[in-house]
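Examining the three-dimensional arrangement
Chain by chain, the residues:
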Amino acid sequence: MARELHKKKGKELYAIYSTVVEDYITDFIPLEDIRKIWLEDLVEDAKRKLDVWLNNIDKEVE
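In this report, we go over the structure that sits alongside the text. (Residues numbered from 1 in each chain as written. Predicted model: local features only at pLDDT ≥ 70, side-chain atom pairs only at ≥ 80, totals over all residues. Heavy atoms only, no water.)

**Comments concerning the side chain of Thr26**
- Note that Thr26 resides in the loop between β3 (23-24) and α1 (31-54).
- At a separation of 2.9 Å, a polar atom in the side chain of Thr26 contacts the main-chain amide nitrogen of Ile16.
- With near-sequence residues (within four places) excluded, Thr26 lies in contact with Ala15, Ile16, Ile34 and Ile37. (Helix = DSSP H or I, 4+ residues; strand = E, 2+ residues; numbered from the N terminus. Polar contact = N/O pair within 3.5 Å; in protein donor to acceptor, adjacent residues only side chain to side chain. Contact = heavy atoms within 4.5 Å.)

**Overview of the packing of aromatic side chains**
- Considering all chains together, one arrives at two aromatic pairs under this definition.
- Between Tyr17 and Tyr24, the ring centres sit 5.1 Å apart and the planes meet at 75°, which makes this aromatic pair edge-to-face.
- Look at Tyr24 and you get partly exposed, because its relative accessible area is 35%.
- Ring geometry for Tyr24 against Phe28: centres 5.1 Å apart, planes inclined by 55°, an arrangement best described as tilted. (Phe/Tyr/Trp six-rings, centres within 6.5 Å; stacked < 30°, edge-to-face > 60°. Buried < 20%, exposed > 50% of the residue type's maximum accessible area, 1.4 Å probe, protein only.)

**A look at the sheet that holds strand β1 (residues 3-7)**
- With antiparallel pairing, the three strands of this open sheet are ordered in space as β1-β2-β3. Looking at which strands have only one partner, the edges of the open sheet turn out to be β1 and β3.
- Relative to β3, strand β2 (residues 14-18) is paired through two bridges, and the arrangement is antiparallel. Looking at β3, one finds that Tyr17 is bridged to Tyr24.
- Along the sheet, α1 contacts β1 and β2; its crossing angle with β2, the most-contacted strand, is approximately 35°. (Pairing = 2+ DSSP bridges. Axes fitted to C-alpha atoms, helices over the stretch in contact; angles between N-to-C directions.)

**Re the pattern of salt bridges**
- One pass over the full model with this rule turns up five salt bridges.
- Lys49 is paired through a salt bridge with Asp45; the nearest N and O atoms lie 3.3 Å apart. Of this pair, Lys49 and Asp45 both sit in helix α1, four residues apart, which is roughly one turn of the helix.
- Accessibility expressed as a relative area gives 55% for Lys49, which makes it exposed.
- What you see here is one network of salt bridges that share partners, running through Asp45, Arg48 and Lys49. (Salt bridge = Lys/Arg side-chain N within 4 Å of Asp/Glu carboxyl O.)

Right, here's the structure in full:
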């Protein structure tokens with residue numbers, strides 16, 4: 001998913017915009033809350049990638 005960070009003009013409120021669905025996937029909220037949401041998504045993505053990697057044996061050795 002491609003994401004953009006949008007800022008509400010004149011306010012310290014931010015939202016994550018998805019270029020895939022062409023809509024906001026969060027409300028406009030403080031930047032620290034956006035950071036937490038984005039970080040959780042990145043961690044979940046990393047876990048999925050790690051699970052795939054751990055299930056792909058490159059070589060079995062004696």
